[in-house]
Structures are given as structure tokens and as C-alpha cells.
Amino acid sequence: MSGLVGLLGLVANTFLLAKLAGNESPTKDDLKSIFDSVGAEFDSAKTDLFFSLVKDHDVTELIAAGREKMGALSSGGGAVAMVAGAGGDAPSAAEPAAESKKVEEEKEESDDGEGMMSLFD
């Protein structure tokens, strides 16, 4: 991982790992110990930057705020489905669902009840 974001991500993950392990207030030395335990390079300056960014903030609130921001981002999935369904030759979204329902009904009809239960008869 290169760059500031990647390194801060490692520091943030290590901080959260320490909290998950029961350390309510991980320190720079705690993070250094974790980095050292796995043979990872510890960057003191980036760790100081991380602690300055999260200082006076509750980590749970920071995570919740981040989730809200990520939830506001659109993946474009709905728009893509609408565009595909609007074309002349493209099948509508309802057609694949109807096809899969027919396939399921055929499977149910072909099940003669022997399946796995016949192993115990």
C-alpha cells in the first residue's frame, strides 16, 4: 500500500484492532507493538497524524458518520437497470423473474420425493 491514505488506513485498522482486543484507549506505543509483532514498518509521523485526526472524537461516532457518507454515494445499479429495461430488444426486469419462477416450478414438479431422504429408508 502506498500513499498517505493507505498508511493511515493501516494505522486506523491497527487502532480498531487494539480496541477490539479490549484496549479502550490505544496509544501510539500500543500500535507500534502491534506493527512490530507482525513485522510491519511503523511510521511514527503518520501515526501522530492519525491520533491528531481522531483526538477528541468517539471512534463509534466516526464510523457511523463514515457509513452515512458511504450510504449517500450511489452505485448506479438502479439507473443501469432502468436503462437496460427501456431498450427495444432488451428484456424487461420482470421477464427474468418470471423465467426463474418457471424453472423453480419445474424443479419442484420433477422432485419425486426420493431425494436425500431415501438414504434413510
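Residues numbered from 1 in each chain as written. Predicted model: local features only at pLDDT ≥ 70, side-chain atom pairs only at ≥ 80, totals over all residues. Heavy atoms only, no water.

Some thoughts on helix α4 (residues 59–72)
Inference 1: Counted at 1.5 Å a residue, the expected span for α4 with its 14 residues is 20 Å, and the 20 Å between its end C-alpha atoms agrees.
Inference 2: Of all 14 residues making up α4, only 1 are buried, and the element is barely covered by its neighbours. (Helix = DSSP H or I, 4+ residues; strand = E, 2+ residues; numbered from the N terminus. Expected span 1.5 Å × (residues − 1). Buried < 20%, exposed > 50% of the residue type's maximum accessible area, 1.4 Å probe, protein only.)

Some thoughts on the confidence of the model for the protein
Inference 1: Overall, the predicted model of the protein reaches an average pLDDT of 75, with 55% of residues at or above 70.
Inference 2: Model confidence for the protein, summarised as mean pLDDT per element, is weakest for helix α5 (residues 77–86) at 53 and strongest for helix α2 (residues 28–37) at 95. (pLDDT = per-residue confidence, 0-100.)

Remarks on the layout of surface pockets
A probe as big as a water molecule, rolled over the atoms, marks out the empty space that is left.
Inference 1: For the largest pocket, the calculated volume is near 240 Å³.
Inference 2: As for the largest pocket, its lining consists of Leu8, Gly9, Ala12, Phe15, Leu16, Phe50, Leu53, Val54, Val59, Leu62 and Ile63.
Inference 3: Elements that contribute at least two residues to the lining of the largest pocket include exactly α1 (3–20), α3 (44–54) and α4.
Inference 4: For the lining of the largest pocket, the element with the highest residue contribution is α1, accounting for 5 residues.
Inference 5: For the lining of the largest pocket, the per-class residue count stands at 10 nonpolar, 1 polar and no charged. (1 Å grid on protein atoms, 1.4 Å probe; cavity = no way out; pocket = protein on both sides within 12 Å on 5 of 7 lines; lining within 4 Å. Points joined across faces, edges and corners; volume = space filled by probe spheres on them. Nonpolar A, V, L, I, M, F, W, Y, C, P; charged D, E, K, R; others polar.)

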